[in-house]
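Observations on the three-dimensional arrangement
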Amino acid sequence: MVVDMDRCTGCQACVVACQAENNIPINTETIFLQRRVIEWIWVERYWEGEYPHVRARYIPLLCQQCDNAPCEPVCPVYATYHNDQGLNVQVYNRCVGTRYCANNCPYHARFFNFWQPVWPETLRHHLNPDVTVRWRGIMEKCTFCIQRIRRVQREAARDGRTLQDGDITPACAQACPTDALVFGDILDPQSRVAQLAKNKRAYKVIEDLGTGPNVIYLKKVDPYAPAADHDHKH
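What counts, and at which threshold
- Residues numbered from 1 in each chain as written.
- Predicted model: local features only at pLDDT ≥ 70, side-chain atom pairs only at ≥ 80, totals over all residues.
- Heavy atoms only, no water.
- Salt bridge = Lys/Arg side-chain N within 4 Å of Asp/Glu carboxyl O.
- Buried < 20%, exposed > 50% of the residue type's maximum accessible area, 1.4 Å probe, protein only.
- Phe/Tyr/Trp six-rings, centres within 6.5 Å; stacked < 30°, edge-to-face > 60°.
- Helix = DSSP H or I, 4+ residues; strand = E, 2+ residues; numbered from the N terminus.
- Patch = residues over 30% accessible without salt bridge, like charges linked within 9 Å, V, L, I, M, F, W, Y side chains within 5 Å.
- Areas by Shrake-Rupley, 256 points an atom, 1.4 Å probe, with all protein chains shown as cover.

Let us now look at the pattern of salt bridges. Tallied over the full model, the rule gives 14 salt bridges. With its nearest N and O atoms 3.6 Å apart, the salt bridge here joins Glu48 to Arg55. Taking relative accessible area as the criterion, Glu48 reaches 29% and is therefore assigned partly exposed. The residue Arg57 makes a salt bridge to Glu48 at a minimum N-O spacing of 3.1 Å. Relative accessible area serves as the criterion here: at 14%, Arg57 is assigned to the buried category. Ionic contacts of the salt-bridge type, sharing partners, join the residues Glu48, Arg55, Arg57 and Asp222 into one network.

Shown next as structure tokens:
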């Protein structure tokens, strides 16, 4: 996935779409105050400058689907592993809730279910039947909407066609009104994500840890940034 920071407006549409698509429990004020929120994707907001010249910066964060994921080797029951498509997969019915994986994730992208998930009566019939409801006591994380990936693969096999770039779109990317999130096969040199990854603005979050993240960010272009900022960056 490629995240273009220059396009992100911090609208949170990706967050809401992810919550609805993946049957994530509603994060109430009480849960926020207890710091036990579950958000597979969230938008960090930073403020720069002094009033009245203040600017907001946004960065959507999610599981980086690392090639060398530090969350995987610490799981004592092999509930998380790397699949052949580069995804860091979580097996819910194998997880015993040690939370070792969350402690080892430098991106804080794993979440523990402290309670049994509950939805208002009016929303119970709106749950996604393609996604497992996670019970109390297990870990969960972003899957890049693996249910959508599997569905498109099955339909392509049924129709006897090969997958094309753009056939698979996670809920967050589909909901983004500014096209800031782009999903695809980075190994396909003709894919859109592969082309965007070549951009000189591309970087990966705390890549120096050696985790090999597979989410690529494109730096924001700010023509009004102070000269000192430019000097610092270069």
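Picking up where we left off.
Moving on to the packing of aromatic side chains. Counted by the stated rule, this structure contains 5 aromatic pairs. For the ring pair Trp42 and Phe111, a centre distance of 6.1 Å and an interplane angle of 90° mean the geometry is edge-to-face. Within this pair, whereas Trp42 is found in strand β2 (residues 41-48), its partner Phe111 is found in strand β6 (residues 110-112), the two being separated by 69 residues in sequence. There is no split in this pair, since Trp42 and Phe111 are both buried. Look at Tyr203 and Tyr217: their rings are 5.9 Å apart centre to centre, the planes differ by 35°, and that puts the pair in the tilted class. Remark: Tyr217 occurs in strand β10 (residues 216-218) and Tyr203 occurs in strand β9 (residues 202-203); sequence separation between them is 14 residues. Judged by its relative accessible area of 26%, Tyr203 falls in the partly exposed class.

So, on to a nonpolar patch on the surface. Among the surface-exposed residues, Trp47, Tyr51 and Val54 lie close enough to one another that they form a single nonpolar patch of about 420 Å² accessible area. Among the secondary structure elements, Val54 is positioned in the loop between β2 and β3 (55-62).

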